[in-house]
Amino acid sequence: MWNLRDKYAIAGIGHTDFTANSGATVLNLALQACRDAVLDAGIDMSEVDGVVSFNFGDSVPSIAVATGLGLPAARYAVEFSSGGNAANLIVQTAAAAIEAGLATNVLCFRAMNGRSGFRLGGGRDLNSRGITQYTAPFGWITYPQAMAMWCRRHMIKYGTTSEQLGTIAVTCRRNAVLNERAMMRAPITLADHQASRMIVEPFHLLDICLESDGACAALVTSAGRAKDLRHKPVYVMGAAYGGGPNQGDDLFDAIRWPDHAHNYAKYIADDLWRSAGVGPEDIDVAEIYDCFTYSVIMQLEGLGFCREGEGGAFVQNGRIDRDGELPLNTHGGLLSEAYIHGFNHVIEAVEQLRGTAGSRQVPDAQIALTTAGAMTCGSALVLRN
Amino acid sequence: MSHTGKPVPVPDVDSAPFWQGCREHRLLIERCAECGVPRFPPSGMCPHCRSNRVEWLKASGRGKVFSWIVVNHPVPKDIYRLDVPYVVALVELEEGVRMPTNIVGCDPNAIRADMPVEVTFDDVAADLTLPRFKPRSQSEE
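Residues numbered from 1 in each chain as written. Chains lettered and ligands numbered in written order. Predicted model: local features only at pLDDT ≥ 70, side-chain atom pairs only at ≥ 80, totals over all residues.

Enquirer: Which residues make up the overall build of chain B, and what values do they have?
Expert: The helix and strand tally for chain B stands at two helices and eight strands. Helices and strands appear in chain B in the N-to-C order α-β-β-β-β-α-β-β-β-β. On C-alpha atoms alone, chain B measures out to a radius of gyration of 16 Å, which is about the 14 Å that the 2.2 N^0.38 rule sets for 141 residues. Principal-axis analysis of the C-alpha atoms gives chain B an extent of 45 × 35 × 25 Å. Buried positions account for 33% of the 141 residues belonging to chain B. (Helix = DSSP H or I, 4+ residues; strand = E, 2+ residues; numbered from the N terminus. Rg over C-alpha atoms; globule rule 2.2 N^0.38 Å. Buried ≥ 20, exposed ≤ 12 C-beta atoms within 10 Å, placed from the backbone.)

Encoded structure:
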């Protein structure tokens, strides 16, 4: 279990514009976001000696960023071959590397041309080796198709409805309207959600996140160092990564998963809350991984915001509105801000805890939750100001 | 449905008997020869007792629907455009393992959780047979 409560902090954040066609290389996007995170922190570039990232074969290695930024000596430049489940893991890993003496100031980033370049949601390659030989030949190919299977299972077991999923899409869009970074800023209604075309039942189009070009970065350093820098530090209280038994042979594979009506979240909840020393009731703002609407419901249940099976009802009646009991995805999430594979949730959490979120600011936000992942494994952070 | 242009399984050492079985219209499931626990997909090592001793069990071909989706939007579009809507399901076999497959011979809207199904072998190419599933009437049991 994470035992570094409050010892490390996010001292700087950076991001590019989020667009459908960046007109830039992924390397250039990564460099812009990373440079801006270092400038935002206010430390000298020469002090950065670590870079941690994750990608799906669609981005640049961490050493490329170290090279592009002219870092004099990257002592810890590594990346995870992973999906969005690693978006919080890279922050956790950066802090652990500093604790171990492997680096002192570590950039974390995710950069992708997710719309104009490699489209993650548009279908994997049709190579049917390994585990894919049991899925793709049956026309089970894309991530929306993979995750619809999970959503259906939740509906079977608990009676969750499409309207409940739609509430999440509408809530995210309402927040995106206030967010100048967001790609989708036209308000939508539940009726729009229900009328949007069926992509793969039970998912309508508006249950599915965006595809985006862009990059996000954060600079992680020790709490002591962060206190001397430009911004109020955002401390990492708690952190957890993992999943249950049978996480599968790759991200898509969940053939042996115990029951798709719940996901990784229930398996990391104890570690997350115990490491943070707080519980769900203490969260002021929650940035929950929303590659699909349903994944929010399973994470709310798994992390103990409500009981298993009650997530559909939980999100209704304004509870997750910006002025509700649990303000959720205040930037608009992956559904309406952008799909930077979950790392944009970290950026937003930092903005909320700094109090710099402008018109979408949750008053007096002190503790934020970020989560990353939708299926068999994932990561989460509890952050505070 | 035609299989032209669609993903074709590339058998490996672990999976070859499964795909060969399909070609012979036999649904074969790998089972640990030490502790007897069946598993899918085949993996060559038992995750319970870590034995490498493998045997193949001929499954009954009967199972029930664990979860399912209806694909309305074809991806890739040119390859699946004539097939939509089609159903992908996770079917739980009587032997206790779960398997991705298609449900055929049934209106997609008629599918229900725990619906009894049985295997139907689809010879989609000269050297490829896919194990799909169709509804099984209770009276056949």
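Enquirer: Can you explain the nonpolar core? Please cite residues and give values.
Expert: The biggest cluster of nonpolar side chains holds 170 residues, and the ones touching the most others in it are Ala30, Val106, Leu107, Cys108, Phe109 and Ala218 of chain A. If one sorts the elements of this core by residue count, helix α1 (residues 26–41) of chain A sits on top with nine residues. When residues of this core are assigned to domains, at least three map to each of domain 1 (12–58) and domain 2 (60–141) of chain B. Excluding residues that lie within four positions of it along the chain, Val106 of chain A makes contacts with Gly50, Val51, Val52, Tyr76, Ala94, Ala97, Ile98 and Val220 of chain A. (Core = buried A, V, L, I, M, F, W, Y, C linked by C-beta atoms within 7 Å. Domains from an automatic or database assignment. Contact = placed C-beta atoms within 7 Å.)

Enquirer: I'd love a proper account of the pairing of strand β7 (residues 213–222) of chain A, names of residues and values included.
Expert: Residues and elements named next belong to chain A. Buried residues dominate β7, accounting for nine of its 10 residues. As defined by bridge partners, strand β1 (residues 8–15) adjoins β7 across seven bridges and the pair is classed as antiparallel. Pairing of Gly14 across the sheet is with Ala217, part of β7. Pairing of strand β4 (residues 106–113) with β7 involves eight bridges; the strand directions are antiparallel. Residue pairing across strands places Cys108 opposite Ala218, the latter belonging to β7. (Pairing = 2+ DSSP bridges.)

Enquirer: Lay out the domain arrangement of chain B with the relevant residues and their values.
Expert: Residues and elements named next belong to chain B. Taken as a whole, chain B is organised into domain 1 (12–58) and domain 2 (60–141). Spacing between the C-alpha centres of domain 1 and domain 2 amounts to 21 Å. Taken together, the contacts link nine residues of domain 1 with 11 residues of domain 2. Going through the elements one at a time, α1 (16–23) and β2 (38–39) are the ones with two or more residues in the side of domain 1 that touches domain 2. In the side of domain 1 that touches domain 2, the residues fall into six nonpolar, one polar and two charged. (Nonpolar A, V, L, I, M, F, W, Y, C, P; charged D, E, K, R; others polar.)

Enquirer: Outline α1 of chain A, supporting the account with residue identities and numerical values.
Expert: Along an α-helix, a turn takes 3.6 residues, which lines up residues three or four apart on a common side. Residues and elements named next belong to chain A. With 16 residues, α1 ought to run about 22 Å at 1.5 Å a step, and its terminal C-alpha atoms sit 23 Å apart, in line with that. Turning to α1, its buried residues number three or more, namely Val26, Leu29, Ala30, Leu31, Gln32, Ala33, Cys34, Ala37, Val38, Asp40 and Ala41. Buried positions along α1 lie against β1, α2 (62–68), β4 and β7. Residue Gly42 follows α1 closely and has a positive phi angle near 85°. (Expected span 1.5 Å × (residues − 1).)

Enquirer: For the interface of chain B and chain A, give the residues involved together with the corresponding values.
Expert: If you look at the interface, chain B gives 28 residues, while chain A gives 28 residues. No other element matches strand β4 (residues 62–71) of chain B, which puts five residues into the side of chain B that touches chain A. Here the side of chain B that touches chain A is built from residues that sort into 19 nonpolar, six polar and three charged. Bridge count between strand β5 (residues 198–201) of chain A and β4 of chain B: two bridges; the pairing is antiparallel. Bridging from a neighbouring strand, Glu201 of chain A pairs with Val70 of chain B of β4 of chain B.

Enquirer: Outline the environment of Gly23 of chain A, listing residues and values.
Expert: Assignment of secondary structure puts Gly23 of chain A in the loop between β1 and α1. Separated by 90 residues in sequence, Gly23 of chain A and Asn113 of chain A have C-alpha atoms that sit 9.1 Å apart.

Enquirer: How would you summarise the sheet that holds strand β1 (residues 28–32) of chain B if you had to cite specific residues and measurements?
Expert: Residues and elements named next belong to chain B. The three strands lie next to each other as β2-β1-β3, forming an open sheet whose pairing is antiparallel. The strands lining the two open edges of the sheet, one partner per strand, are β2 and β3 (54–58). Bridge analysis of β1 against β2 gives two bridges, and the strand direction is antiparallel. Bridge pairing in β2 links Arg31 to Pro38.

Enquirer: Could you give an account of the sheet that holds strand β9 (residues 285–287) of chain A, with specific residues and numbers?
Expert: Backbone hydrogen bonds are what pair the strands of a sheet, in a parallel or an antiparallel way. All names here are of chain A. One open sheet holds the nine strands; their spatial order is β3-β2-β4-β7-β1-β8-β11-β10-β9, and the pairing between them is mixed. Here the strands that pair on one side only, and so sit at the sheet edges, are β3 (76–81) and β9. Neighbour-to-neighbour, the strand axes of the sheet open up by a mean angle of 25°, direction not taken into account. Of the pairings in the sheet, the one linking β9 to strand β10 (residues 367–372) comprises three bridges and is parallel in character. For Glu287, the partnering residue across the bridge sits in β10 and is Thr370. On the sheet, α1 packs against β1, β4 and β7 and is oriented at approximately 130° with respect to β1. (Axes fitted to C-alpha atoms, helices over the stretch in contact; angles between N-to-C directions.)

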